[in-house]
Each structure stands twice: as structure tokens, then as C-alpha cells.
Amino acid sequence: MDRDMDEINDLFAKKDYGYDYRHMDRILDLFIQKDYAYAGIVIDDEHKRYLKKRFQSLTDEVDIKVYYDIDDELAFHIGFTKKFASEIAGINNKIKLSFFKHRGIGSQTKLGMTLRTNPSITIGEDKGYRILYSGLPVGRLVVKNIADTIIMVSKGNHGFDENIVKELKSISKDVHVKVFITQNCLVCMDSVYLANRVAVASGGKVLSETILVDEDFDLNLDLAHRLDVETFPTQIISNDEKSITVDFQEENELVNLVLSYGK
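Along each chain, residues carry numbers from 1 onward, in the same order as the chain's sequence is written. Confidence filtering applies because this is a predicted model: local features only for residues at pLDDT of at least 70, side-chain atom pairs given and counted only at 80 or more, and all residues used for totals across whole chains, interfaces and linings. To get the side-chain values, all heavy atoms of the structure are used, and hydrogens and water are removed first.

This part is about the overall build of the chain. A run of DSSP states H or I qualifies as a helix once it reaches four residues; a run of E qualifies as a strand once it reaches two. Both are numbered from the N-terminal end. Secondary structure summary: the chain contains 9 helices and 8 strands in total. Looking at the 263 residues of the chain, the share that counts as buried comes to 54%. For the chain, the share of sequence-separated contacts (at least 6 apart) that also reach a separation of at least 24 residues comes to 70%. Surface exposure here means Shrake-Rupley accessible area, sampled with a 1.4 Å probe, where a residue is shielded only by the protein chains that are shown. Element-wise, carbon and sulfur atoms account for 44% of the exposed surface of the chain, whose accessible area totals about 12000 Å². Exposure is judged per residue with a 1.4 Å probe applied to protein chains only, and the accessible area is read against the type maximum: over 50% gives exposed, under 20% gives buried, and values in between give partly exposed. Here, two residues are considered to be in contact whenever any of their heavy atoms come within 4.5 Å of each other.

A few words now on the packing of helix H6 (residues 162-169) against helix H9 (residues 251-261). Relative placement of two packed helices is described by the angle separating their axes and the distance separating the axes. Only the stretch in contact is used when a helix axis is fitted, and all axes are lines through C-alpha atoms; the angle between N-to-C directions ranges over 0 to 180 degrees. Running from amino to carboxyl end, H6 crosses H9 at an angle of 30 degrees, the nearest separation of the two axes being 10 Å. The orientation of H6 relative to H9 falls into the category roughly parallel. Seen from above, H6 lies across H9 with left-handed handedness. Packed against H6, whose contacting residues are Ile164, Glu167 and Leu168, the element H9 presents Val255, Val258 and Leu259 at the interface. Residues were grouped as follows: Ala, Val, Leu, Ile, Met, Phe, Trp, Tyr, Cys and Pro as nonpolar; Asp, Glu, Lys and Arg as charged; and all remaining residues, including Gly, as polar. Among the residues making up the contact of H6 with H9, the classes are represented as 5 nonpolar, no polar and 1 charged. In what follows, roughly perpendicular refers to angles from 65 to 115 degrees, roughly parallel to angles under 35, roughly antiparallel to angles over 145, and oblique to any angle outside these ranges. Crossings are sorted by hand: turned counterclockwise from the far helix by less than a right angle, the near helix makes the crossing left-handed, and turned clockwise it makes it right-handed.

What follows is about the pairing of strand S5 (residues 175-181). Along S5, 7 of the 7 residues are buried, which leaves the element largely enclosed by surrounding structure. Burial along S5 is two-sided: the face carrying Val175, Val177, Val179 and Ile181 and the face carrying His176, Lys178 and Phe180 are both buried. When DSSP finds two or more bridges between two strands, those strands count as paired. Pairing analysis gives 7 bridges linking S5 to strand S6 (residues 206-212), with the strands arranged parallel. When the sheet's bridge partners are listed, Val177 is paired in S6 with Ser208. Throughout, right-handed denotes a crossover for which the path from the first strand over the helix to the second runs clockwise when the strands point away from the viewer. In this region the chain leaves S5, passes through helix H7 (residues 186-201) and returns to the parallel neighbour S6; the handedness of that crossover is right-handed. Alignment of S5 against strand S7 (residues 234-237), held across 4 bridges, turns out to be antiparallel. By the bridge assignment, Val179 is partnered in S7 with Gln235.

Only the six-membered ring of Trp is used, alongside the rings of Phe and Tyr, when aromatic pairs are assigned; centres must lie within 6.5 Å, and planes under 30 degrees apart are stacked while those over 60 apart are edge-to-face, with the rest tilted. Inspection of the entire model under this criterion finds 3 aromatic pairs. Here Tyr67 and Phe100 contribute two aromatic rings whose centre-to-centre distance is 4.9 Å and whose plane-to-plane angle is 15 degrees, an arrangement assigned as stacked. Of the two residues, Tyr67 is situated in strand S1 (residues 62-67) and Phe100 in strand S2 (residues 95-100); the sequence distance between them amounts to 33 residues. Their ring planes at 45 degrees and their centres at 5.7 Å tell us that Phe76 and Phe80 sit as a pair that is tilted.

A few words on H9. Those residues of H9 that sit buried are Leu254, Val255, Val258 and Leu259. The buried residues of H9 occupy an angular sector of 135 degrees when projected down its axis, which confines them to one face. Check the buried side of H9 and you find it contacts H6, S5, H7, S6 and S7. The arc in question is the one spanned by the directions pointing from the helix axis to the C-beta atoms.

Here you go:
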């Protein structure tokens, strides 16, 4: 791995459970200079080495599940996602991959999450977590976010203090956090990671769904238009349009919203 990639890794590691905005300009410069794409149809050897290094910190096994249905029009989407998941799982034997055929749009995952895209990916269902990616794992930032989430789920390192965890686990109603993103939006990944942290800290009470909106791949455009989502990231809590927030929400803001909808 070259020096630029090592510097990116060091900058992202400044916080175990988030990104430090003081370093974002430098990270973006490095990404632009090197044009790092974390995954294509096949993850190249350089990026496999990078991910292998990142995944050395895995402690517990982590499950990745790919849900899909046969659809000739979506053959590329399905093949891309299956290949990506296989490549990721092949990097470290603590990542356990399963494919679920005939689970298309409207079907349910193992933990009862409703699928809105074909294919879809979940992380950590075997641990009781509800983390759903609706859309393709395309773009270096999306793939890095998936890798970060795999590590966080494996280590259980959500970063919240005990009082917040206790509150999140005690909510009486399940809460669904949707985060609308685009693949090249850096701040979107902060929002996704925060929602995923909340999902883990809640012990499965909170569903964190990442909804990738992409015109090139015709992903989730109708849903975004229906909800007038024009700014990314956009967060919606439990399908209530009154809850819509745009841009990155601070940790306490999102937690308080989740707690209010979980009462």
C-alpha cells in the first residue's frame, strides 16, 4: 500500500467510531489525486490488501447477507453485488456470507426488514442488528462505509456511553431510520455510520437503512422524488415526513429524534 493510502488510513483512524472533520479536506485531496475506487466488479489486489489490513481488527464473526431475486433487467446489479460480497468475505474468514434467492422487493429478511431493492445487503443480522443497504455497493466511499460497519459490528464498538445505550435499548417501539445518500457524498457516509452505530447500540430496536439514490443505476429515484429528497444526506424517521432532516445530524440530535419516536 502506498504512502497516500497509509495517510488516508491514519486520518480515518483518528476516531474509532466516526470521522474527524478537521481532516476531511486532506482526505478528499488524496482521494482525488489517487482516484481510489474501493470496489469494481472485482476488488483489485491493492485494495484487498488495504481491506485485509483494516479487517485485522475484527474480533467476532460478522454476517453479510445478500437478498435477491432473478430478474434479467437487474442481472448486472445482482451479479455486481454478489461478486462484491464474495470478494469482501474472502478477505477475512470472520466475515460470513450468505445468499438468499427469491427474496426480491417486498420480501422480508431474517429479522423482518422489508426489502425495497433487488438486490439488498444486510450486516449483523445474526447478532440481532438491523442494518440494511438498499442499493448497489458502488463508489469508494460506500464501500469504505460498509467496511467500517463490518468492523464496528464485529467489535461492538458503537461509541455511545452506557446511559444512551440503556435509553436506546429501552424504547417501546421499533424505530426505522432512513438515510438517503449519493455515492460520492462524503458527509453522507458520516450520517450512515452514525445511524448504523445507533442500530447496534439499540440492540436491534432501531433499523438503519441506507438508501442509495443514483440516476446512472436507476436506484431509488421514485422514492426520493416522492419524498422530495433533493439534498444529501436526508434522514427520515419511521416514515414520518415531519421528521425529515437534511445534512449531517449531530449525534445527540439523531439520538433524541430516535428516542422520541421510540416512546
